[in-house]
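Structural characterization, general
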Amino acid sequence: MTKTPSLRTRLSHLGRPGHHIHGLVNPPVHRGSTVLYPDVATRDAHRGQVFKRTLTYGLEGNHTHMALEDVVAAIEGGQHAVIVPTGLAAITTPLIAYLKAGDHVLLPDSFYGAGREFSDDMLPRMGVACSYYRPSAPVAEVEALILPNTRVLYLESPGSYTFEMQDVPALTALAKRRGLVSMLDNTWGILAFQPFEHGVDVSIQALTKYVSGHSDVMLGAVIVNTEADWHIVRETALLLGMYASPDDCWLALRGARTMALRLERQLASAIEVAEWLAARPEVQEVRFPALPGSAGHEIWKRDFTGGASLFGVVFQPGYRTAAVNAMVDSLELFGIGASWGGYESLALPVGTSLTRSFGSTYPQGEAVRFHVGLEDPADLIADLDQAMQKLSANTLG
Ligand SMILES: *Cc1c(COP(=O)(O)O)cnc(C)c1O
């Protein structure tokens, strides 16, 4: 073949064993702790060769992990991926890897909640100072917050729950100019945003979401684009004892085969549902960067080729918490729960789960985060319609 096939095509072929495993299409699940050798000399020769993918212990992962590493690295357009047990571990591992006592890290105010708790609780105990910046702040405002000991500029675009888009190329250019390591949580932008083409040093993925895609696996990945970064992240993951179940890796590998199709369908359905919601009188704002007219849409149009089926809806300020919660309770096709990226739709009141140093960027009013799954969007809209009619009756009656 003269031209490199597109990623869509490669997602059907990457990480497969070829003809080696009895000709079967999929790689097997390898489970193992002990790795045996024929003699001591061979074992000695293999020790410390983890970067050549020569393994001496289960902790280093095996061919099941490597197959997933290759697929995730290709999805993100990076050279190497390090698989870790959760998306949260994909946040904490590089922060620990690149920061040391005396350093300072700049974090966006829209930072994923559990990552924020880790940074506020654990990093100070390690002697690392954290401070927050407004996620949509102009570059000059972020630059003014850089201290002599700042080492990492962390990004998440769009932000958790409130979906602020960040100008990633401008912020990574700032990081480069000031000698900072830039990290981006690219979970929402999987397949739609190429982090390394936009200057990111370390990309973070919660594979729990669309890669796994079926709400039955927790897994994360740290993706890098240089050998030096790979060594830094991989060595830290090993020192921390980060190990993912091979069965989970295998399920994520299976999920990756259909991810492009699912994402495309779910995004199209989400736009349909979001447009319907935006036209409702009960709704004050729909925050969905992929939706024309939404805050952040201009940056989305410039930098993204698609996106996640996850967005926020802010209701008119007249609707009280109990009424909006009752509306969510009355939905029949939307589950109530955390996480997203599965095949099923979810609705989650934002409630008190926002921790923000600068206050929420949402206008005043109750907010609900929606995840749109693979259901027929007409059915989802019909379900929302009956729930919204109840909401109106609740407050107006
Ligand atoms: C869910 C999520 C994570 C964490 O993933 P887990 O696998 O649940 O630990 C990290 N970042 C973002 C943006 C997420 O939505």
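Anyway, here's the lowdown on the structure attached to this text. Computed from a predicted structure; not experimentally measured.

Turning our attention to empty space enclosed by the protein. A complete count under the given rule lists 2 cavities of 30 Å³ or more for this structure. In terms of lining residues, the largest cavity is bounded by 13 residues, among which Leu59, Glu60, Ile83, Arg234 and Met242 are the most central. If you list the elements that add at least two residues to the lining of the largest cavity, you get helix H3 (63-76), strand E1 (80-84) and helix H8 (227-239). Top element by residues in the lining of the largest cavity is H8. It accounts for 3 residues. Taken as a whole, the second largest cavity holds about 60 Å³ of empty space. Around the second largest cavity sit Val50, Arg53, Leu55, Glu60, Gly61, Asn62, His65, Met66, Glu69, Trp230 and Arg234, which together line it. For the lining of the second largest cavity, the elements supplying multiple residues, two or more each, are H3 and H8. Here the lining of the second largest cavity gets 3 residues from one element, more than from any other, and that element is H3.

The residue glycine 296 is located in the loop between strand E8 (283-287) and helix H10 (297-303) in this model. Residues glycine 296 and glutamate 164 lie 132 residues apart in sequence; the distance between their C-alpha atoms is 6.4 Å. The contact partners of glycine 296, leaving out residues within four places of it in the chain, are Met165 and Pro289.

Procedures and definitions
The numbering scheme is per chain: residues are counted from 1 as the chain's sequence reads. Two thresholds apply to this predicted model, a pLDDT of at least 70 for residue-level local features and 80 or more for giving and counting side-chain atom pairs, whereas whole-chain, interface and lining totals are computed over all residues. Water and hydrogen atoms were dropped before computing side-chain values, which therefore reflect all heavy atoms in the structure. Using protein atoms alone on a 1 Å grid, points that fit a 1.4 Å probe yet trap it form a cavity, whereas open point sets bounded by protein on both sides within 12 Å along at least five of seven lines form a pocket; residues with an atom within 4 Å of a point count as lining. Grid points are joined across faces, edges and corners, and a volume is the space filled by probe spheres set on the points. Helix and strand assignments come from DSSP, with helices taken as H or I runs of at least 4 residues and strands as E runs of at least 2, each series counted from the N terminus. The contact definition used throughout considers only heavy atoms, calling two residues in contact when any of these lie within 4.5 Å.

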